[in-house]
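# Inside the fold
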Amino acid sequence: TRTSRPQRILKAVQRKATVGDPQSVITAIDHFCRHREWAMNVGDEKGSILDSVVNEVSPVTVLELGTYCGYSTVRIARLLPPGACVITLEFNPDYAAIARQVIKWSGLEDKVQLVEGASGDCIPWMKEHFGVQAFDLVFLDHWKERYLPDTKLLEECGLIQKGTVLLADNVICPGTPDYLEYVRNSPRYNSHYYRSHLEYTKAEDGLEKSVFLGY
Ligand SMILES: Cc1cc(-c2n[nH]c(CCNC(=O)c3cc(-c4ccc(F)cc4)cc(O)c3O)n2)ccn1
Ligand SMILES: [Mg+2]
């Protein structure tokens, strides 16, 4: 096929969504992925749980690991008050290029910093580059085998503090067993599993919310 799936997702947004209207961007992507082609956005069902956690935390600084086409970036950014922002890391430059355009179409570019690179390389530079003290909310949605090492890296870099909330996608499918074991057994985290389904399917999946209790 000439175009990539992310390019076809962007086209669906440009055809169906209204510039400056984040909800119409979300609706356009969900419709395309439910009725045309599956894609690895967090989706509408888990997205509603993400929304409720963002509203509960009302974060000032958010880190998202794994941007893909920017669907969850838009979901998060649309709920942030003025002055709050989400830093989102994307490894794949083609995904990043599409995500920038999706975020721009939604009109939320002022609340988003998209960084291209691997989580393990970028996290140690967060404080220096972005003047971040610590994150209020981290949405883990990147390579599943990186959830645990990157959580430990965030702890070591002092980017997680008492009260920081980690919200992890895909803890069942594709699954992040070592991460789950860590946050559920560590005395320094309070964890809760939100049972749901893999985006646009009937397969089980869910989000794990873990609150850091401090050292
Ligand atoms: C190292 C690093 C990495 C990144 C990074 N950027 N973008 C990503 C995407 C990662 N996401 C997924 O792989 C993913 C997969 C599925 C899935 C696939 C196939 C199935 F059959 C069932 C489920 C479902 C999902 O919901 C997912 O999120 N990683 C960014 C920075 N640094
Ligand atoms: Mg995911």
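The structure this text deals with has already been given above.
Overview of the structure. Please read all numbers here as calculations on a predicted model, not as lab measurements.

Attention shifts here to the pairing of strand β3 (residues 112-116). The pairing of strand β2 (residues 85-90) with β3 spans 5 bridges and is parallel. Counterpart to Ile 87 in the pairing with β3 is Gln 113. Since β2 and β3 lie parallel, the crossover through helix α5 (residues 93-106) that links them has a hand, and here it is right-handed.

Across all of its chains, the model carries 6 aromatic pairs by this definition. Both rings, one in Tyr 189 and one in Phe 212, keep their centres 5.2 Å apart while their planes meet at 55°; by these two values the pair is tilted. With Tyr 189 in strand β6 (residues 189-197) and Phe 212 in strand β7 (residues 204-212), this pair connects stretches of sequence that are 23 residues apart. Taking relative accessible area as the criterion, Tyr 189 reaches 5% and is therefore assigned buried. Here the aromatic cluster, defined as three or more aromatic residues joined through ring pairs, consists of Tyr 182, Tyr 189, Phe 212 and Tyr 215.

A word on the coordination of the magnesium ion (ligand 2). Distances from the magnesium ion (ligand 2) to its protein donors, Asp 141 (OD), Asp 169 (OD) and Asn 170 (OD1), fall within 2.0 to 2.2 Å. Taken in sequence order, the residues that donate to the magnesium ion (ligand 2) follow the motif D-x27-D-N. A residue pair is termed long-range when its members are at least 10 positions apart, and Asp 141 in the loop between β4 (135-140) and α8 (147-156) and Asp 169 in the loop between β5 (160-168) and α9 (171-175) qualify at 28 residues. Assigned by exposure class, Asp 141 and Asp 169 land together as buried.

Parameters and conventions
Residues numbered from 1 in each chain as written. Chains lettered and ligands numbered in written order. Predicted model: local features only at pLDDT ≥ 70, side-chain atom pairs only at ≥ 80, totals over all residues. Heavy atoms only, no water. Pairing = 2+ DSSP bridges. Helix = DSSP H or I, 4+ residues; strand = E, 2+ residues; numbered from the N terminus. Right-handed = clockwise from strand over helix to strand, strands pointing away. Phe/Tyr/Trp six-rings, centres within 6.5 Å; stacked < 30°, edge-to-face > 60°. Buried < 20%, exposed > 50% of the residue type's maximum accessible area, 1.4 Å probe, protein only. Donors = N, O, S within 2.8 Å, 3.2 Å for Na, K, Ca; no water.

By themselves these figures say nothing about function.
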